[in-house]
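Coordinate analysis (summary)
Here's the letter readout for the chains.
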Amino acid sequence: MSRIDEIFSKNNKALIPFLVAGFPSIESTEGAIIAMDEAGADIIEIGIPFSDPIADGPVIAAAMHEALCNDVAPADTIGIVARIREKISAGLIAMVSDSIVRKSGGTAFLDRLVEAGFDGIIIPDIDDLDAVHMSTYCEGCGLSFSMLVSPTTPVERIKWLASISTGFLYILARVGLTGEQTAPPDISGRIAEIRSLTDLPLAVGFGISTRDHVLSVTKSADAAIVGSALVRRMSDAKDPVLAAREFVFELL
């Protein structure tokens, strides 16, 4: 059983914070991952900086831009995980653009993720044909492979996305860009519909910003993904590592 499968089998509900690798620094990223693991995060999603982030709102886009300005490369993200993997028990998921995967060697890049200690990957902009190939390769090397389901994805496509996914399905709570919201999303009906199509755990992201949001989402879903709110907290803080730790405590 993979680490991601084991986490979902043991936890009724999971918290998945998202941060940007190298923001605001390599050192703070390492510290924040360790701190969030200690605070109780179940899975940590690590965004590999990309010049044209997919569906990311201004907070995450700005963090990625700053990381790139600081010359943070995919190899740096791999190095972060390789250095701290033995210190943490949380699952680690890479969020990465397909163009980075291609430029970094395709399946050879996946091998490097596994060697460093990643447990899964999300490639939000991958095309269907490549997704099938990557899904098969990930299954062979032990990485979970999670596809995204939007609020407008039709039933037949959801079935197909689930068929090539492992670990969990990433359910978008709303259309548009990521970003903090004031009200929790009303996704219970959508989650019920998707549950009738797959046995995979369902993790909900896009706009999940507070503990109330997390509690609301996990009444029906298996996990809540919190990104922009965490990245903003780290950006505003004098001590980003402490801010990450405290925010996870707040969310649980």
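Here the structure is shown first, and the text comes after it.
We now turn to the structure provided with this report.

The rules behind the values
- Residues numbered from 1 in each chain as written.
- Predicted model: local features only at pLDDT ≥ 70, side-chain atom pairs only at ≥ 80, totals over all residues.
- Heavy atoms only, no water.
- Salt bridge = Lys/Arg side-chain N within 4 Å of Asp/Glu carboxyl O.
- Helix = DSSP H or I, 4+ residues; strand = E, 2+ residues; numbered from the N terminus.
- Buried < 20%, exposed > 50% of the residue type's maximum accessible area, 1.4 Å probe, protein only.
- Pairing = 2+ DSSP bridges.
- Right-handed = clockwise from strand over helix to strand, strands pointing away.

Moving on, we come to the pattern of salt bridges. According to the stated counting rule, one finds 14 salt bridges in the structure shown. Across the pair Glu-6 and Lys-10 runs a salt bridge, and its minimum N-O distance is 2.9 Å. Residue Glu-6 and its partner Lys-10 are located together in helix H1 (residues 3-10), separated by 4 residues, close to a single helical turn. The partly exposed category is assigned to Glu-6, whose relative accessible area is 33%. For Lys-10, a relative accessible area of 61% corresponds to the exposed category. Among the salt bridges present, the one from Glu-250 reaches Arg-233, with a minimum N-O distance of 2.9 Å. Taken together, the residues span a long stretch of sequence, with Glu-250 in helix H12 (residues 240-251) and Arg-233 in helix H11 (residues 228-236) at a distance of 17 residues.

This next bit is on the pairing of strand S2 (residues 43-47). Across the 5 residues that make up S2, a large majority, 5, are buried. Both faces of S2 are covered, namely the face carrying Ile-43, Glu-45 and Gly-47 and the face carrying Ile-44 and Ile-46. For strand S1 (residues 14-20) and S2, the ladder comprises 3 bridges, and the chain directions are parallel. Looking across to S2, one finds that Val-20 is bridged to Gly-47. For the segment spanning S1, helix H2 (residues 26-39) and S2, crossover handedness is right-handed. Here S2 runs beside strand S3 (residues 91-95); their pairing, made up of 5 bridges, is parallel. If you follow Ile-46 over to S3, its bridge partner there is Ala-94.

Here we have 9 strands laid out as an open sheet, ordered S5-S4-S3-S2-S1-S9-S8-S7-S6, and parallel in their pairing. What marks the edges here is a single partner per strand, and that holds for strand S5 (144-145) and strand S6 (148-149). Sheet topology note: the S3/strand S4 (residues 120-122) ladder contains 3 bridges and is parallel. Residue pairing for S4: Ala-94 is matched across the bridge by Ile-121.

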